[in-house]
Amino acid sequence: MYVAAKGGERAIDNAHRLLAHERRGDRSVPDITLAQISEQLTLGVDRVMNEGSLYDRELAALAIKQARGDLIEAIFLLRAYRTTLARFGASEPIDTGKMLAVRRVSATFKDLPGGQILGPTFDYTHRLLDPELCTRVPEKPVRARVETTEMPRVTELLAQDDLIERSPPPREDASVGDLTQDPLDFPADRDLRLQNLARGDEGFLLALGYSTQRGYGRNHPFAGEIRIGEVEVWFAPEDVGFDIPIGHLTMTECQTINQFRGTETEAPKFTRGYGLGFGQCERKAMAMALVDRALRARELGEDVVAPAQDEEFVLSHSDNVQATGFVEHLKLPHYVDFQAELGLVRRMRAEFEAAAPQPEMREAAE
Amino acid sequence: MSERTYNFAYLDEQTKRMIRRAILKAVAVPGYQVPFASREMPMPYGWGTGGVQVTAAVLGPNDVLKVIDQGSDDTTNAVSIRKFFAKTAGVRTTTRTEEATVIQTRHRVPEQSLSEKQILVFQVPIPEPLRFLEPRETETRRMHALAEYGVMHVKLYEDIAHHGHIATAYAYPASVAGRYVMDPSPIPKFDNPKLDNCAALQLFGAGREKRIYAIPPHTKVVSLDFEDHPFERYRHDAPCALCGATDSFLDEVITDDRGSRMFVCSDSDYCERRREAGSTPQSATAEAPHA
């Protein structure tokens, strides 16, 4: 005999207990520390800070540990914490031109003021699994003579000759858009678009950026410059009246240089795509720049024909916390909807069978 | 971080004020989807973050909360949300429909009619009734502004042309106060008539989509239909196997691997109350069949 299921509460408690046990894994293996995650799974921590929109290595490491290494789950944990924090103001815009760069490459000029700096990159490693990694202590890095040369942005060098569109001048009175405080409205301004992309899923942006390269909204990109390094954050508290430095961030910035054929009133010139993120996140920043440029189609009078150019499509589906929630909610009970559909399908089948022509009476074969 | 680091009912007062403003606007313009700055909640999108935010914004310390999912108080997600508010707000919870002042629901409207003293909060996945006909928000907002609902009638007409009847079994669109067409959330269309002239305030929260809308008490809600194809409710043609009810929405339960099945009330509180009052499967035959 069927009895309505009871005891959901105990089932949930026990499931959580089992989860905690599984998270710990084999208890003879030492427990992983947050410092180990933060120091040795650095790029995972960077990704969680980026898409979690919170620059805090320790909390990101905790989230990764709590999420058993599931980065989207970790991003969700960080976001749900971030949303409870008080907002006391917006910092001054960071100046990536004054970045202390550990890496800076340009694909458009062989050499340029400030030079090319490879930095800690996988780019020219051979992807051969290295069993010695488990035992060998790496050598100390080589130190270069420190030269404090200016490192102007490539796009600024081009702008001097008017070959690339200029950055719009900053407006002193402009308020900072924030899609976590106001619901996103379409068409969205570029600040909100960039915020959405910066929080957006790396895999989603990567695939969209890739699609532009394969012809779905092609925008002829060059990696004008990628730089990674530390920038200072300045803040002007209202009661102090002047800017004070409140800390520093490691950031990755990518500026792409893209073609623009010009219009009847405008000479042909290069255009820009922009990507920026916390930590070392080169793939994300590059994909973001490609998608940013694709989303500028409307502004630049280009035909909107491809998914990556479609603002509503991109911005509505980039958030992996939203996406994973809605996809995974399918595992919640849907008995009621399903029963209603089942009744409908049964009715339609009955009608179909009633309407079907009667099979002709077959004569007995023998 | 202990529980006390969070405000009453989890959300900070600033956020609650923002949500209450959206609710007031929603009540003032029945059926209109009010955008609001939905927060990331400590449960995933799709688990009822919109409903939870609305409940958190309307809940006071003296409220009595009931949470149902699929009509039942004992489904895991209903248990989880009830626990969340018991913990963060310390409010009294109940499974009795008439005892509750706030009822949060996913996919059902309780069988028992509600009173002026109650608020029914729906969890909504996709608030836009036109979404599957027109994927663009910019376009659907324009269609609502112009009350341009012809496309919805065409869809329902095409259903009739193809199938002989309207092939929408849940989330059946309804017109509110003669103006906005709304998605009643994925309740079975069996529940649609309960929305009409309901004494309780009905609030709809969609967290991921950042929308709130409302049906104020005693508002006219009309399920879309045609004169020659009037709106029809649907329920399985059987009495409840536990309490014998012939007027409640039923869940089909498969009881073995040979196709045996039985039907039981989806509203667990309604079913329990009837059994307490002595109703049995046998008493079903004595009652008038469901109209």
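Keep in mind it's a predicted model, so treat the numbers as computed, not measured.

Undergrad: A description of the overall build of chain B should follow, citing residues and the corresponding values.
TA: From N to C terminus, chain B includes 7 helices and 12 strands. Here the C-alpha radius of gyration of chain B, 20 Å, is about what a compact globule of 291 residues would show, namely 19 Å. Expressed as lengths along the three principal axes of its C-alpha atoms, the size of chain B is roughly 55 × 45 × 40 Å. Considering chain B as a whole, with its 291 residues, one finds that 50% of them fall into the buried category.

Undergrad: Break down the packing of helix 1 (residues 8–24) of chain A against helix 3 (residues 76–88) of chain B for me, with residues and values.
TA: At their nearest, the axes of helix 1 of chain A and helix 3 of chain B sit 9 Å apart, and the two run at 80° to each other. On the basis of the axis angle, helix 1 of chain A is roughly perpendicular to helix 3 of chain B. Contacts between helix 1 of chain A and helix 3 of chain B involve A:Gly8, A:Glu9, A:Ala11 and A:Ile12 from the first element and B:Thr76, B:Val79, B:Ser80 and B:Lys83 from the second. For the contact of helix 1 of chain A with helix 3 of chain B, the per-class residue count stands at 3 nonpolar, 3 polar and 2 charged.

Undergrad: Now, about unusual backbone geometry: what can you tell me, with residues and values included?
TA: Backbone torsion omega between A:Phe186 and A:Pro187 reads -5°, so that peptide bond is classified as cis. Phi at A:His220 is positive, roughly 45°, even though this residue is not glycine. Position of A:His220 among the secondary structure elements: in the loop between helix 8 (202–213) and strand 2 (221–235). With 15 C-beta atoms packed within 10 Å, A:His220 lands in the partly exposed category. A positive phi angle, near 55°, is found at B:Asn197, a position not held by glycine. Summarising the element assignment, B:Asn197 is placed in the loop between helix 6 (192–195) and strand 8 (201–206). B:Asn197 gets classed as exposed once you count the C-beta atoms within 10 Å, which come to 12.

Rules behind the numbers
Residues numbered from 1 in each chain as written. Chains lettered and ligands numbered in written order. Predicted model: local features only at pLDDT ≥ 70, side-chain atom pairs only at ≥ 80, totals over all residues. Helix = DSSP H or I, 4+ residues; strand = E, 2+ residues; numbered from the N terminus. Rg over C-alpha atoms; globule rule 2.2 N^0.38 Å. Buried ≥ 20, exposed ≤ 12 C-beta atoms within 10 Å, placed from the backbone. Axes fitted to C-alpha atoms, helices over the stretch in contact; angles between N-to-C directions. Parallel < 35°, antiparallel > 145°, perpendicular 65-115°, else oblique. Contact = placed C-beta atoms within 7 Å. Nonpolar A, V, L, I, M, F, W, Y, C, P; charged D, E, K, R; others polar.

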